[in-house]
Amino acid sequence: MADTVLYEVSDGLATITLNRPEAMNALNIETKVALREAVQSAAADDAVRAVLLTASGDRAFCVGQDLKEHIGLLAADREAGGGEGQTMSTVREHYNPIVRALAGMAKPVVAGVNGVAAGAGFGFALAADYRVVADTAAFNTSFAGVALTADSGISWTLPRVVGPGRAADLLLFPRSIKAQEAYELGIANRVVPSESLRGEAETVARALAEGPTVAYGAIKEAVAYGLSHSLAETLEKEDELQTRAGSSEDHAIAVQAFVNKEKPKYLGR
């Protein structure tokens, strides 16, 4: 894996760190490939029970596409006669698989947003289940500012977090959404002092890594399903998922611990 993305697994927690602080963690091809591999590895690894997605430095979580590289790719595509080329294929080849893995893995994902999250960086943060945000951080959709439409799942996630009317405003008129406003809009789940960001985000992620993984996966699936299905269909899905969670070892552990007035020690299965 490239050193533009760091990957570490410890005690059930996979920490994925975007590592181009000198470029505000912008997404060049090398970084996108490495991030895709890291997120998919975490999703597939049964030893991983939670994921922390964060970034190096204190200026940016991720400012989205590396526009310096993008300009060169656009020029190469024009010389090659146009068409999709390397520039627009990145949505299908990189962004979509990353977002599917983040949102779809049956384990919780925490985003530790240490600075600016713009464009696809904003999209990746929204694909996480829980966002711990530095008080110096900010979010920006950015796409319309460079004559592009939404990608990285943001046309799906943002309206579900802030409502369709506010999402349209933020997409049509990109602006910096400071941490406190992000909290008020529901984009940030927790705002902490910037110097405490890494520790606070890791504390949240480790607590989830020690929790009932099967139940967490079922909760993710239930919420995603309920957003696009009827009440009747969702009730059926809840029945299915509750049967799964109720059959887990962790449920039996939790019930016994409750009876014994002890803190449960979950196994993640």
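Keep in mind it's a predicted model, so treat the numbers as computed, not measured.

A.B. asks: Any chance you could break down the packing of aromatic side chains for me, citing the residues and the numbers?
C.D. replies: Per the stated rule, a full pass over the model turns up two aromatic pairs. Here Tyr 95 and Phe 124 contribute two aromatic rings whose centre-to-centre distance is 5.9 Å and whose plane-to-plane angle is 75°, an arrangement assigned as edge-to-face. Of this pair, Tyr 95 sits in helix 3 (residues 85-104) while Phe 124 sits in helix 4 (residues 120-127); the two residues are 29 residues apart in sequence, bridging distant segments of the chain. The ring of Tyr 225 carries Lys 237 above its face, with NZ or CZ at 5.0 Å from the centroid.

A.B. asks: Please give an account of unusual backbone geometry that cites residues and values.
C.D. replies: The residue Asn 25 is not glycine, and still its phi comes out positive at about 55°. Here Asn 25 lies in the loop between strand 2 (13-18) and helix 1 (29-44). The class for Asn 25 is buried, based on a relative accessible area of 2%. Despite not being glycine, Ala 147 shows a phi value in the positive range, around 60°. For Ala 147, the location among the structural elements is in the loop between strand 8 (138-140) and helix 5 (154-162). By relative accessible area, which is 72% here, Ala 147 ends up exposed.

A.B. asks: Before we move on, could you go through the pattern of salt bridges and cite the residues and values that matter?
C.D. replies: Opposite charge on two side chains makes pairing possible when the charged atoms of those side chains draw close. Counting across every chain of the model gives nine salt bridges. Note that Glu 221 is salt-bridged to Lys 237, the shortest N-O span being 3.3 Å. Note that Glu 221 is positioned in helix 9 (residues 213-226) and Lys 237 in helix 10 (residues 231-246), a separation of 16 residues in sequence. Owing to a relative accessible area of 29%, Glu 221 belongs among the partly exposed residues under this scheme.

A.B. asks: Could you give an account of the nonpolar core, with specific residues and numbers?
C.D. replies: Residues Ile 16, Leu 35, Val 113, Phe 124, Phe 139 and Ile 187 are the most contacted members of the largest nonpolar core, which totals 61 residues. Aside from chain neighbours lying at most four places away, what touches Ile 187 is Phe 122, Leu 126, Arg 131, Phe 139, Val 161, Val 162, Ile 177 and Ala 182.

A.B. asks: Got a sec to walk through the sheet that holds strand 3 (residues 50-55)? Specific residues and values, please.
C.D. replies: Read across the sheet, six strands follow the order 1-2-3-5-7-10 without closing on themselves; strand pairing throughout is mixed. Both outer strands of the open sheet, strand 1 (5-10) and strand 10 (190-192), are each paired with one neighbouring strand and no more. Strand-to-strand twist of the sheet, defined as the mean angle between neighbouring strand axes without regard to direction, takes the value 20°. Across three bridges, strand 3 lies against strand 5 (residues 109-113) in parallel orientation. The residue bridging Val 51 from the neighbouring strand is Val 109, located in strand 5.

A.B. asks: Talk me through the packing of helix 5 against helix 6 (residues 164-172); I want residue IDs and the actual numbers.
C.D. replies: Between helix 5 and helix 6, the shortest axis-to-axis distance is 7 Å and the interhelical angle comes to 125°. Between helix 5 and helix 6, the crossing angle belongs to the class labelled oblique. Where helix 5 crosses over helix 6, the two elements pack in a sense that is right-handed. Contacts between helix 5 and helix 6 pair Ile 154, Leu 158, Pro 159 and Val 162 from the former with Pro 164, Arg 166, Ala 167, Leu 170 and Leu 171 from the latter. Among the residues making up the contact of helix 5 with helix 6, the classes are represented as eight nonpolar, no polar and one charged.

A.B. asks: Mind laying out the sheet that holds strand 6 (residues 116-118), listing which residues take part and the relevant values?
C.D. replies: Pairing within the open sheet is mixed, and its four strands lie in the order 4-6-8-9. In this open sheet, the two strands that pair with only one neighbour each are strand 4 (60-62) and strand 9 (177-178). Here strand 6 runs beside strand 8; their pairing, made up of three bridges, is parallel. Bridge pairing in strand 8 places Ala 118 opposite Asn 140.

Rules behind the numbers
Residues numbered from 1 in each chain as written. Predicted model: local features only at pLDDT ≥ 70, side-chain atom pairs only at ≥ 80, totals over all residues. Heavy atoms only, no water. Phe/Tyr/Trp six-rings, centres within 6.5 Å; stacked < 30°, edge-to-face > 60°. Helix = DSSP H or I, 4+ residues; strand = E, 2+ residues; numbered from the N terminus. Lys NZ or Arg CZ within 6 Å of the ring centre and 35° of its normal. Buried < 20%, exposed > 50% of the residue type's maximum accessible area, 1.4 Å probe, protein only. Salt bridge = Lys/Arg side-chain N within 4 Å of Asp/Glu carboxyl O. Core = buried A, V, L, I, M, F, W, Y, C linked by side-chain atoms within 4.5 Å. Contact = heavy atoms within 4.5 Å. Pairing = 2+ DSSP bridges. Axes fitted to C-alpha atoms, helices over the stretch in contact; angles between N-to-C directions. Parallel < 35°, antiparallel > 145°, perpendicular 65-115°, else oblique. Left-handed = near helix turned anticlockwise from the far one by under 90°. Nonpolar A, V, L, I, M, F, W, Y, C, P; charged D, E, K, R; others polar.

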